[in-house]
Amino acid sequence: MFKKLTAKLKKGLAKTKERILGGLKAILPFGRDLDQNILDAMEEYLYSADIGPTTVMKIVEDVTHAYKEKEITTTDECFDFLKGTLKRIMSHDQPGLVQAKSGPTVILVAGINGSGKTTSIAKLAKFLVDQDKKVMLAAADTFRAAAVEQLTIWAERLGCEIIKKNQGSDPASVAFDAAEAALARNVDYLIVDTAGRLHTQKNLMLELSKIERVLAKKIDDAPHEVLLILDANNGQNAIEQARRFTEAIDVSGLFLTKLDGTAKGGAVIGIRHEIPVPVKFIGVGEKAEDIEEFDTDTFVEALFS
Ligand SMILES: Nc1nc2c(ncn2[C@@H]2O[C@H](COP(=O)(O)OP(=O)(O)OP(=O)(O)O)[C@@H](O)[C@H]2O)c(=O)[nH]1
Ligand SMILES: [Mg+2]
């Protein structure tokens, strides 16, 4: 069973679908006997689809095995088998957002510059507000001049409270104030924006840890969720980025953005297969409503529909 394919998801995945499905359909036309040449062409094609070599190797191994065992003998059987293989290799745990046992749930958002952190926060806030949750935002990206302003505009649009300080303030002090305010105002969710950083920037990674410590001091077990925001346009590099970041900090979930603008969404397959952290959301546009909860089966169905 999979969730309903929404128009948003179909439209958001259109470019990736065109790339992956378009090519596969040409290689696996309906009703042809399967042979090694076809399988070789399929393998070569998959390598070009941003899925990542490790994952392609696994897919090809499974398909080849099925061919040798005569489980699949025609191109359309191969096509269906491929779809099933994708679902299988992408299907580890799919928990939704973590929730605090009591009091505010704190979500810390991290990622490299321009990956879509602030926009994704707006999407998450809308997603939660639509479920009648009381949401507060914290502008702990005090580095970039327009960052606070950008989050403020979203907060106003979405009717969320925002905690902010002047540009250049210590991000941890914003987090501290926000945690206090979240408790005082009894919000359901506090979402903390942070400045873009690379996993290699030691000081900035330490700054992130400091934000986490400050939050934990005020609110038990905070942050309850650390979401890493990844731009799907980076294709195979997004898989590598996910690997590096999740090694450096305790990431609890991934949010893949800009799937609507890229044909490189195949990276989601590699990320699901290779990274032991669940993809929780995907971004399929620039508006606050352009968010989808990630679900493997629905994703694969959307790609193959
Ligand atoms: N098409 C599309 N654009 C997106 C999506 N998510 C974010 N963007 C755009 O990507 C650009 C960067 O988004 P931001 O949210 O500012 O990214 P950020 O990670 O907060 O950037 P910094 O704070 O500068 O590190 C903006 O133009 C967004 O509108 C998405 O899912 N689809
Ligand atoms: Mg930002």
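Our structure is the block above this text.
Residues numbered from 1 in each chain as written. Chains lettered and ligands numbered in written order. Predicted model: local features only at pLDDT ≥ 70, side-chain atom pairs only at ≥ 80, totals over all residues.

### Some words on the pairing of strand 5 (residues 225-231)
What counts is decided by this rule: Field definition: a residue is buried when 20 or more other C-beta atoms are found within 10 Å of its C-beta, exposed when 12 or fewer are, and partly exposed for counts in between, with C-beta atoms placed from the backbone. A helix here means a DSSP run of H or I that spans at least four residues, while a strand means a run of E at least two residues long, and both kinds are numbered starting from the N terminus. Should DSSP find at least two bridges between two strands, the strands are regarded as paired. The handedness of a crossover follows from its direction of travel: if, with the strands pointing away from the viewer, the path from the first strand over the helix to the second runs clockwise, the crossover is right-handed.
For strand 5, the buried fraction is high: 7 of the 7 residues fall into the buried class. Residues Glu225, Leu227, Ile229 and Asp231 of strand 5 are buried on one face, and the alternating residues Val226, Leu228 and Leu230, pointing to the opposite face, are buried as well. When strand 1 (residues 105-110) meets strand 5, the two strands line up parallel, connected through 4 bridges. Residue pairing across strands places Ile107 opposite Glu225, the latter belonging to strand 5. Direction of pairing for strand 5 relative to strand 6 (residues 253-257): parallel, over a ladder of 5 bridges. Looking at strand 6, one finds that Asp231 is bridged to Thr257. Tracing the backbone out of strand 5, into helix 10 (residues 236-248) and back to the parallel element strand 6 gives a crossover that is right-handed.

### Some details on the pairing of strand 6
Taking burial as the measure, the 5 residues of strand 6 include 4 buried ones, the bulk of the element. Judged from the 3 bridges that link them, strand 6 and strand 7 (residues 279-283) form a sheet pairing that is parallel. Its bridge partner lying in strand 7, Leu254 is registered against Val279. Tracing the backbone out of strand 6, into helix 11 (residues 267-274) and back to the parallel element strand 7 gives a crossover that is right-handed.

### Considerations on the nonpolar core
Using the following cut-off: Residues of type Ala, Val, Leu, Ile, Met, Phe, Trp, Tyr and Cys that are buried and joined through C-beta atoms within 7 Å form what is called a nonpolar core. We call two residues in contact if the C-beta atoms placed from their backbones are at most 7 Å apart.
Judged by nonpolar contacts, the single largest core of 92 residues is most densely connected at Leu137, Ala175, Leu190, Ile191 and Val192. In contact with Ile191, not counting residues within four places along its chain, are Ile107, Val109, Ile121, Leu124, Ala125, Val135 and Leu137.

### Details of the site of ligand 1
For the record, the criterion: Here is the check we use: build the C-beta atom from the backbone, and if it is within 6 Å of the molecule or strand, call the residue near.
Within the structure, ligand 1 sits among 21 residues, and Gly116, Thr118, Thr119, Gly196 and Gly283 are positioned closest to it. The element contributing the most residues to the shell around ligand 1 is helix 6 (residues 117-129), with 3 residues.

### Some details on the environment of Leu137
For Leu137, the location among the structural elements is in strand 2 (residues 135-140). Judged by local crowding, Leu137 falls into the buried class, with 27 C-beta atoms found within 10 Å. Residues Leu137 and Ala155, spaced 18 residues apart in sequence, show a C-alpha to C-alpha distance of 7.2 Å. Leaving out residues up to four positions away in the same chain, Leu137 has contacts with Ile121, Ala125, Leu151, Ala155, Cys160, Ile162, Ile191 and Asp193.

### Describing unusual backbone geometry
Between Ala222 and the following residue, Pro223, the backbone shows a cis peptide bond with an omega angle of -10°. Locating Pro223 in the fold gives a position in the loop between helix 9 (202-218) and strand 5. A positive phi angle is found at Asp221, which is not glycine, with a value near 65°. Asp221 gets classed as partly exposed once you count the C-beta atoms within 10 Å, which come to 13.

### Section: the environment of Gly168
By the element assignment, Gly168 lies in the loop between strand 3 (161-163) and helix 8 (171-184). Between the alpha carbons of Gly168 and Asp141 there is a distance of 8.9 Å; along the sequence they are 27 residues apart.

### Considerations on helix 9
Stated formally: Expected span, for any helix, means 1.5 Å times one less than how many residues it has. The arc in question is formed by the directions pointing from the helix axis toward the C-beta atoms.
Compared with an ideal rise of 1.5 Å per residue, which puts 17 residues at 24 Å, helix 9 spans 25 Å between its outermost C-alpha atoms and is within 8% of the ideal. Those residues of helix 9 that fall on the buried side of the exposure criterion are Leu208, Ile211, Glu212, Val214, Leu215 and Lys218. Angular distribution of buried residues about the axis of helix 9 spans 165°; they occupy a single face of the element. Those residues of helix 9 that are exposed and angled more than 90 degrees off the buried face are Lys202, Asn203, Leu206 and Lys217. Looking at the buried side of helix 9, the elements it contacts are strand 1, strand 2, helix 8 and strand 4 (189-194).

### Description of the sheet that holds strand 2
We count it as follows: In this description, a line fitted to the C-alpha atoms serves as the axis of each element, helices being fitted only across the stretch in contact, and the angle between N-to-C directions of two axes falls anywhere from 0 to 180 degrees.
Reading across from one edge, 3-2-4-1-5-6-7-8 is the order of the 8 strands in this open sheet, with mixed pairing throughout. Two strands bound the open sheet, and with one partner strand each, they are strand 3 and strand 8 (291-293). Each adjacent strand pair in this sheet contributes to an overall mean axis angle of 25°, direction not counted. Seen against the sheet, helix 8 touches strand 2, strand 3 and strand 4 and runs at an angle of roughly 165° to strand 2.

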